[in-house]
Amino acid sequence: MEKIFVHPECPFSEKTFNLLPEFLKDQTLTFYIAHQKDFLKDFFKDFLKYVEEPFHYISSQVEDQLPDFIKKYINIKHEKFGTTINGDFTVLYSVAFYFEVEYVPCIHDALLRLNLHDDQLTFSFYADKKYFDLILESYQNNYRDNVETVEILKRFHLSNKHHLDNLLPKYRISFHSWSSDKYYQDNLPESIYELLEDIILIDRRLSEFFDDKISGKDIEIAISLKSEELLGYSAKQLIHRIVQTFKKIFPLLIISSVNKNLDDVIRQYLSVYENEFNPVYEIEEISEITGFETTQLTQWIHTINRKSQAIIQGPPGTGKTFIAERLAKHLIGGGDGFSDIIQFHPAYTYEDFIEGLRPQNENGQLTYSIVPGRFLQFCEKAEVYEDTCVLIIDEINRANLSQVFGELMYLLDDREDRKRFITLASGKRFRIPTNVRIIGTMNTADRSIALVDNALRRRFAFIPLYPNYELLRNYHKETKNFAVDELISILKNVNQAINNKHYELGISFFLTETLADDIQDIWQMEIEPYLEEYFFDNPEKMDDFLWDKIKDKFSTK
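Keep in mind the model is a prediction, meaning the values are calculated, not measured.

Each helix and strand counted, the protein chain has 22 helices and 16 strands in total. Counting over 557 residues, the protein chain shows a buried share of 53%. In the protein chain, the proportion of contacts linking residues at least 24 apart, taken out of those at least 6 apart, comes to 71%. Accessible surface computed for the protein chain: about 26,600 Å², of which carbon and sulfur atoms make up 47%.

Here you go:
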């Protein structure tokens, strides 16, 4: 049997889910009270330690970390001991978050809830069939034509379609009554707005062709973490995941109030969460600005997600960093993750990147403490985020990678969903979170490339990037007084003369809005010195590309 990975900071343990079946043999309050002081007291001592206390800790932290705006409008109720929902899921502990405002009575049949089952933890929005129908009615009558509200309902994603190979568990949307349970399995809606619109459309079709409807059934929008998944979470990760989920689906509670007076609550919600999640940045937008085909960009995104780390390599001036930043923007789009960029250089060290001793001034006394480096800080921050986080390492081959990465090389080679931990010199247990992506850039004209090739080849995917003349043409398509096609023709001739793909002349030199005024300076001060260095043993080869020879080919009115 495959060993289950347990995060060292997970509040639950394997023992949690070994104890639950024993308790479920007789899941009544009477059983619980009757045996508290008898020979099973050791069992209940363990039950308290491994089941009740962890759940209470998680639920109390979720309550504490919910934004004040949400806490202002909810009434919290705790329940415990075995119960069943719809004759289906056995629930041991439950925390319900009911929506409540001064002029709207507390609604007990539409709620956010956190449930500990016999084999999983579920956090969800639930509404019985009465209130689900009222939600649909309220949406259609009060909110559907409100542009501001619709934008809110589109903002928070229920699925990350644009995140290929996302390892995080997805929402499950189910419609059930006492006698049936139907799951929304295919084409999961991307937002609450899409969900409500889909239900309206499907309802219409079902009633027309099959005499059935989704409305009139209970609804649950849930994320369920099976025990083996749950044990892989740290407490911080789990709490953050639950809180973020409740933020996303909280608008359904507002709509469930069926009260037009709550328009101001909707507006407050928009202002509070306006910057909560990153804007979606579609591949088509990257294609338009760079000139790369969407199929090519999609493959690169797939590669980065599959391998978790990739290096964009190519000659100077090909826009490697520019592309890396756009890919990162796409990867974090629609989620709550973040991106950061650092640049390696020959003096960059393990202490800068992972951790090391650093002098500290404490009350006028000089002391030395182990301080986390940039990558450790990045991973510690990413650990509690739900969605993808991207670190760009610019000029990755400029540093001594074996020295800078140290034990990290072992973790980068992890083929098991990044479940490995290492112990750092400080004694800290460390792993790379599963939601972290690393994108490096590498200048293939740099002679240090040979020093890192063997060390990185197995651990990184390599994305080649060569001069993209279409990007240059797109950038200057509105330029009125410059012959960009002539420039492209000259660049192609230069690169043909270079005859080495690793040293080709890139197009980023010419991505300036004032190119007609700048072209002479760019060519004489940047291009000619580069060609002079490359053709140092054959200087006559660059004669045809001196400014005096090519300047007449440009139209600079």
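On we go.
The biggest cluster of nonpolar side chains holds 68 residues, and the ones touching the most others in it are Phe 246 and Phe 250. Phe 250 has contacts with Phe 69, Ile 70, Tyr 73, Ile 74, Phe 99, Leu 112 and Tyr 269, leaving out every residue within four places of it along the chain. Judged by nonpolar contacts, the second largest core, of 35 residues, contains Tyr 348, Tyr 350, Phe 375 and Ile 393.

Let us now look at the packing of aromatic side chains. Applying the stated criterion to the full structure yields 17 aromatic pairs. One aromatic cluster is present, built from ring pairs that chain together Phe 344, Tyr 348, Phe 353, Phe 375, Phe 405 and Phe 430. Over the ring of Tyr 281 we find Lys 329; its NZ or CZ atom is 4.3 Å from the centre of that ring. Just above the ring of Phe 338 sits the side chain of Lys 381; from NZ or CZ to the centre is 4.2 Å.

Moving on, we get to the packing of helix H11 (residues 283-290) against helix H13 (residues 320-332). Remark: H11 packs on H13, axes separated minimally by 10 Å, with the N-to-C direction vectors making an angle of 160°. One finds that H11 runs roughly antiparallel with respect to H13. Crossing handedness for the pair H11 and H13: right-handed. The segment H11 lies against H13, with Ile 283, Ile 286, Ile 289 and Thr 290 engaging Phe 322, Ile 323, Arg 326, Leu 327 and His 330. In terms of residue class, the contact of H11 with H13 is made up of six nonpolar, two polar and one charged.

Next up on the list: unusual backbone geometry. The backbone of Ser 308 sits at a positive phi, close to 75°, despite the residue not being glycine. Within the secondary structure, Ser 308 sits in the loop between helix H12 (294-307) and strand E8 (309-314). Assessed through its relative accessible area of 12%, Ser 308 is described here as buried. With a phi close to 55°, Asn 499 is a non-glycine residue in the positive phi region. Take Asn 499: it is sitting in the loop between helix H20 (484-498) and helix H21 (515-534).

Let us now look at the sheet that holds strand E9 (residues 339-343). Ordered in space as E9-E12-E15-E8-E16, the five strands form an open sheet in which the pairing is parallel. Either end of the sheet is taken by a strand with one partner, and the two such strands are E9 and strand E16 (461-464). Shown here is a sheet whose adjacent strand axes are inclined to one another by a mean of 20°, direction ignored. Both E8 and E16 contribute to a ladder of four bridges, which runs parallel. Bridge pairing links Gln 313 to Pro 464 in E16. With respect to the sheet, H12 is in contact with E8, strand E15 (436-443) and E16, its orientation differing from that of E16 by roughly 165°. Sitting on the sheet, H13 is in contact with E8, E9, strand E12 (389-394) and E15, with an inclination near 170° to E15.

Turning our attention to the side chain of Glu 63. Its location among the elements puts Glu 63 in helix H3 (residues 41-65). Among buried charged residues, Glu 63 stands out as having no salt bridge; its nearest opposite-charge side chain is Lys 71, 8.3 Å away. Beyond its immediate chain neighbours, meaning those up to four positions away, Glu 63 contacts Lys 71, Ile 76, His 78, Val 95 and Phe 97.

So, about H21. In an α-helix, one turn spans 3.6 residues, which is why side chains three or four residues apart end up on the same side. With 20 residues, H21 ought to run about 28 Å at 1.5 Å a step, yet its terminal C-alpha atoms sit only 24 Å apart, falling short of that. Of all the bends in H21, the greatest, near 40°, is centred on Ile 522. If you check which residues of H21 are buried, you get Leu 515, Ala 516, Ile 519, Ile 522, Trp 523, Ile 527, Glu 528, Tyr 530 and Leu 531. Those residues of H21 that are buried lie in contact with H20 and helix H22 (547-550).

Oppositely charged side chains can form a pair if their charged atoms are brought close together. This model, assessed by the stated rule, comprises eleven salt bridges. The closest approach of N and O atoms between Glu 470 and Arg 473, which form a salt bridge, is 3.1 Å. On the criterion of helical spacing, the pair formed by Glu 470 and Arg 473 is a turn pair, its members being three residues apart in helix H19 (residues 469-475).

Let us now look at the pairing of E8. As a general feature of sheets, a regular strand has side chains that alternate between the two faces. Summarising burial for E8: six of the six residues are buried, a large majority. By the alternation rule, side chains of E8 split into Gln 309, Ile 311 and Gln 313 and Ala 310, Ile 312 and Gly 314, which are all buried. Here E8 pairs with E15 via six bridges, running parallel. Each residue of the ladder has a partner; that of Ile 312, found in E15, is Thr 441.

Locating Val 265 in the fold gives a position in helix H10 (residues 263-272). Note: C-alpha distance between Val 265 and Ile 254 (eleven residues apart in sequence) is 7.7 Å.

As a further point, take a negative patch on the surface. A cluster of like negative charges, contributed by Glu 282, Glu 284, Glu 285 and Glu 288, occupies part of the molecular surface. With respect to the secondary-structure elements, Glu 288 resides in helix H11. For Glu 288, a relative accessible area of 59% corresponds to the exposed category.

This paragraph deals with the environment of Leu 327. Mapped onto the elements of the fold, Leu 327 is located in helix H13. For Leu 327, a relative accessible area of 0% gives the class buried. Along the primary structure Leu 327 and Ile 301 are separated by 26 residues, whereas in three dimensions their C-alpha atoms are 7.2 Å apart. Sequence-distant contacts of Leu 327, defined by excluding residues within four places in its chain, comprise Ile 286, Leu 297, Trp 300, Ile 301, Ile 304, Ile 312 and Ile 439.

The terminal C-alpha atoms of H13 lie 18 Å apart, and with 13 residues this matches the ideal 18 Å at 1.5 Å per residue to within 8%. Looking only at H13, the buried set comprises Lys 320, Ile 323, Ala 324, Leu 327, Ala 328, His 330, Leu 331 and Ile 332. Among the structural elements, H11, H12, E8, E9, E12 and E15 are those in contact with the buried residues of H13. In the segment just after H13, Gly 334 is the residue with positive phi, at about 80°.

Cut-off values and rules
Residues numbered from 1 in each chain as written. Predicted model: local features only at pLDDT ≥ 70, side-chain atom pairs only at ≥ 80, totals over all residues. Heavy atoms only, no water. Helix = DSSP H or I, 4+ residues; strand = E, 2+ residues; numbered from the N terminus. Buried < 20%, exposed > 50% of the residue type's maximum accessible area, 1.4 Å probe, protein only. Contact = heavy atoms within 4.5 Å. Areas by Shrake-Rupley, 256 points an atom, 1.4 Å probe, with all protein chains shown as cover. Core = buried A, V, L, I, M, F, W, Y, C linked by side-chain atoms within 4.5 Å. Phe/Tyr/Trp six-rings, centres within 6.5 Å; stacked < 30°, edge-to-face > 60°. Lys NZ or Arg CZ within 6 Å of the ring centre and 35° of its normal. Axes fitted to C-alpha atoms, helices over the stretch in contact; angles between N-to-C directions. Parallel < 35°, antiparallel > 145°, perpendicular 65-115°, else oblique. Left-handed = near helix turned anticlockwise from the far one by under 90°. Nonpolar A, V, L, I, M, F, W, Y, C, P; charged D, E, K, R; others polar. Pairing = 2+ DSSP bridges. Lys, Arg positive; Asp, Glu negative; His and termini not counted. Salt bridge = Lys/Arg side-chain N within 4 Å of Asp/Glu carboxyl O. Expected span 1.5 Å × (residues − 1). Bend = angle between axes of the 7 residues up to and from the residue. Patch = residues over 30% accessible without salt bridge, like charges linked within 9 Å, V, L, I, M, F, W, Y side chains within 5 Å. Charge placed at Lys NZ, Arg CZ, Asp CG, Glu CD.

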